[in-house]
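Structural description and commentary
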Amino acid sequence: MEKNREFEFTIESGKAERHYWMDLWRYRELFYILAWRDIAVQYKQTIMGVLWAVLRPLLTMIIFVVVFGKIAKLPSEGVPYPVFVFAAMLPWTFFATAFASAGNSLIGNANLISKVYFPRLIIPAASIIVAVVDFLISFTILIVLMFWYNYFPTWHMLTLPLFLLLGFFAAFGSGLFIASLNVKYRDFKFIIPFVVQLGLYISPVAFSTTLVPEKYQLLYYLNPMVAVIDGFRWAISGGQTAFNMTEVIVSVVIVSLLCLFGAIYFRKTEKTFADVI
């Protein structure tokens, strides 16, 4: 006759909390699914989906060329002004799209958040992938412009992925703050377009960073997109435009802090998302 066997089960309090970062890897397939879903929604059975990714930076560039290039006659550091502006519009449009997508991502997935457990950090991260696809589509226009103005790619363009990565994390870090706040305070969905519009004019998209007085440049570098935009221009122009390591270092520090404190605040408020959203 077999003896009764006793099994002991231990329920660890807070296990999900301690294994949260490991769960991000375990739920990586959900990241792929959400990213692919957002891409499909953006482009499937639409004409303007792909066209809008090209038209938005292109039309803005045309307006800037007329207003700032032809009328105001702002200097472009020896680079044809359309190339000068579009090289800046690409990273800025990428950041603006990624930031807005991340900021609104939790609200857009309210049903999923309230029903199923998974690391919520996956949602804003996956939402940014659409901005990457938009960027790649728009990049073809930049290549056409470069050849039109006899600007041929040099080794400097190999650094573009590094600047794109910096822009990605700038959008991700700041997007985590806004996404968290947007769950509790729905007014933030109106703040996002304002921040994007304001950022367009205070970032060196239509003008060169060299126009900023030297005594204010270090303060200006606190905008992490300054180094991203200047880096893109430097890479596209073959090293012809102004660019220095100081702005890169400042930008990396600011972006690192944004991601660090954005993740901390996101984790702090994440427990309440399902109840509040």
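Below is a summary of the structure that appears in this document. (Residues numbered from 1 in each chain as written. Predicted model: local features only at pLDDT ≥ 70, side-chain atom pairs only at ≥ 80, totals over all residues. Heavy atoms only, no water.)

Structural notes on the overall build of the protein chain
When its secondary structure is counted, the protein chain shows 14 helices and zero strands. With the C-alpha coordinates aligned to their principal axes, the bounding extent of the protein chain is approximately 95 × 45 × 40 Å. The proportion of buried residues among the 277 residues of the protein chain is 47%. Contacts in the protein chain between residues at least 24 apart in sequence constitute 79% of all its contacts with a sequence separation of at least 6. For the protein chain, the accessible surface area stands at approximately 15,400 Å², while carbon and sulfur atoms represent 69% of it. Here the protein chain contributes 21 positively and 16 negatively charged side chains, and the mean placements of these two sets differ by 5 Å. (Helix = DSSP H or I, 4+ residues; strand = E, 2+ residues; numbered from the N terminus. Buried < 20%, exposed > 50% of the residue type's maximum accessible area, 1.4 Å probe, protein only. Contact = heavy atoms within 4.5 Å. Areas by Shrake-Rupley, 256 points an atom, 1.4 Å probe, with all protein chains shown as cover. Lys, Arg positive; Asp, Glu negative; His and termini not counted. Charge placed at Lys NZ, Arg CZ, Asp CG, Glu CD.)

Some remarks on helix α9 (residues 160-184)
Taking 1.5 Å per residue as the helical rise, α9 with its 25 residues ought to reach 36 Å, and the 37 Å between its terminal C-alpha atoms agrees with that figure. A bend of about 25° at G175 is the largest found in α9. (Expected span 1.5 Å × (residues − 1). Bend = angle between axes of the 7 residues up to and from the residue.)

Here's the deal with the side chain of S138
With respect to the helices, strands and loops of the structure, S138 is situated in helix α8 (residues 129-148). Here S138 falls in the buried class, since its relative accessible area comes to 3%. Look past the residues within four positions of S138 in its chain and what remains in contact with it is A53, V54, P57, F86 and L90.

Focus on the pattern of salt bridges
The final tally for this structure, using the stated rule, is three salt bridges. Of the charged contacts, one joins E270 and R267 as a salt bridge, the two residues approaching to 2.5 Å between their closest N and O atoms. One end of the pair, E270, and the other, R267, are both in helix α13 (residues 245-270), three residues apart, so they sit about a helical turn from each other. For R267, a relative accessible area of 11% translates into the label buried. (Salt bridge = Lys/Arg side-chain N within 4 Å of Asp/Glu carboxyl O.)

Side note on the side chain of T159
Note that T159 resides in the loop between α8 and α9. Among the residues examined, T159 registers a relative accessible area of 15% and is labelled buried. Residue contacts for T159: discarding those within four places in its chain leaves W234 and A235.

Considering empty space enclosed by the protein
By rolling a water-sized probe across the atoms, one finds the places where empty space is left. In total, this model carries two cavities of 30 Å³ or more according to the counting rule given. A volume near 40 Å³ is recorded for the largest cavity. As for the largest cavity, its lining consists of P57, L90, T93, F94, T97, A131, D134, F135 and S138. When contributions to the lining of the largest cavity are tallied by element, the ones reaching two or more residues are α5 (81-108) and α8. For the second largest cavity, the calculated volume is near 30 Å³. In terms of lining residues, the second largest cavity is bounded by V79, V83, F84, A87, R233, I236 and S237. (1 Å grid on protein atoms, 1.4 Å probe; cavity = no way out; pocket = protein on both sides within 12 Å on 5 of 7 lines; lining within 4 Å. Points joined across faces, edges and corners; volume = space filled by probe spheres on them.)

Looking at a nonpolar patch on the surface
Taken together, the side chains of M245, I249, V253, L257, L260, F261 and I264 define a hydrophobic patch exposed on the protein surface, amounting to about 670 Å² of accessible area. With respect to the helices, strands and loops of the structure, L260 is situated in helix α13. (Patch = residues over 30% accessible without salt bridge, like charges linked within 9 Å, V, L, I, M, F, W, Y side chains within 5 Å.)

A closer look at the nonpolar core
One finds W92, L106, V205 and I236 to be the most contacted residues of the largest nonpolar core, which totals 71 residues. In terms of residue count, the dominant contributor to this core is α5 (17 residues). For V205, the residues in contact, after removing those within four places along its chain, are F64, V85, A88, M89, W92, L200, I229 and R233. Judged by nonpolar contacts, the second largest core, of six residues, contains V212, Y220, Y221 and V250. (Core = buried A, V, L, I, M, F, W, Y, C linked by side-chain atoms within 4.5 Å.)

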